[in-house]
Amino acid sequence: SAVISQKPSRDICQRGTSLTIQCQVDSQVTMMFWYRQQPGQSLTLIATANQGSEATYESGFVIDKFPISRPNLTFSTLTVSNMSPEDSSIYLCSVSGTGAFETQYFGPGTRLLVL
Amino acid sequence: QQQVKQSPQSLIVQKGGISIINCAYENTAFDYFPWYQQFPGKGPALLIAIRPDVSEKKEGRFTISFNKSAKQFSLHIMDSQPGDSATYFCAASKGGKLIFGQGTELSVKP
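Notes on the structure in this doc start here. (Residues numbered from 1 in each chain as written. Chains lettered and ligands numbered in written order. Predicted model: local features only at pLDDT ≥ 70, side-chain atom pairs only at ≥ 80, totals over all residues. Heavy atoms only, no water.)

1. Things to note about the pairing of strand E5 (residues 43–49) of chain A
All names here are of chain A. E5 sits mainly inside the fold: six of its seven residues count as buried. Across six bridges, strand E4 (residues 31–37) lies against E5 in antiparallel orientation. By the bridge assignment, Met32 is partnered in E5 with Ala49. Linkage of E4 to E5, two consecutive antiparallel strands, is achieved through a turn of five residues, within which Gly40 is found at a positive phi near 70°. Counting the residues that bridge the hairpin from E5 to strand E6 (residues 56–57) gives six residues, and of these Gly52 lies at a positive phi of roughly 85°. (Buried < 20%, exposed > 50% of the residue type's maximum accessible area, 1.4 Å probe, protein only. Helix = DSSP H or I, 4+ residues; strand = E, 2+ residues; numbered from the N terminus. Pairing = 2+ DSSP bridges.)

2. Concerning the pattern of salt bridges
What the rule picks out here adds up to five salt bridges over all chains. Note that B:Lys97 is salt-bridged to A:Glu58, the shortest N-O span being 2.9 Å. Residue B:Lys97 is located in strand E10 (residues 97–100), and its partner A:Glu58 is located in the loop between E6 and strand E7 (68–72); the two belong to separate chains. Since its relative accessible area comes to 29%, B:Lys97 is described here as partly exposed. Classification of A:Glu58 as partly exposed rests on a relative accessible area of 21%. Ionic pairing is found between B:Asp84 and B:Arg61, a salt bridge with its closest N-O pair at 2.8 Å. Within this pair, whereas B:Asp84 is found in the loop between strand E8 (72–77) and strand E9 (86–94), its partner B:Arg61 is found in the loop between strand E6 (56–59) and strand E7 (62–67), the two being separated by 23 residues in sequence. Owing to a relative accessible area of 5%, B:Asp84 belongs among the buried residues under this scheme. (Salt bridge = Lys/Arg side-chain N within 4 Å of Asp/Glu carboxyl O.)

This is the structure we're talking about:
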């Protein structure tokens with residue numbers, strides 16, 4: 001299984017600022033995803049991070065608010081821009097292979113509180 | 001639109017008992033159904049998964065039952081232990097993208 005690390009593990013930010021979250025995997029992976037988990041809630045897919053091209057966003061999420069980079073097969077970043085208290089959530093990256101039944105592994109998450 | 005509905009929201013079980021969590025899905029294009037276990041402060045970890053051409057899968061104390069015609073699947077935890085206390089999420093996958101249920105907070109009392 002892949003070992004995934006995220007930085008920072010947690011942060012407290014002021015509204016109107018931006019935070020970039022890093023996701024590092026210990027091996028090359030094909031698929032990388034970013035999820036949001038609001039307090040006490042389930043996980044919602046934000047976007048698929050595509051290596052070498054623009055990320056694919058899910059309905060309700062836009063690039064201006066959540067720009068994503070994926071420069072190689074082991075690293076991705078998610079930026080939460082112009083933050084508001086409603087952005088307070090856990091942000092998780094996950095990775096998998098390309099098969100339909102590939103296990104998806106999750107990172108430990110980044111806990112963000114926006115004041 | 002909630003594509004995967006999970007119940008119950010919370011569950012309390014005595015040690016040694018059976019924990020049962022149910023999920024229902026709408027989209028017949030889903031082709032992979034994993035269950036994840038999440039402890040506080042941790043990311044979700046895959047527990048067990050099933051494909052729609054199989055009606056049941058067992059791994060140790062964990063069993064998935066799958067009813068394709070009813071579009072339902074469930075997780076059974078046999079001989080539940082206090083260490084099983086966590087939040088459990090069912091999910092459905094299409095093209096590698098996971099749609100999660102709302103989660104079930106399981107508490108196993110000693």
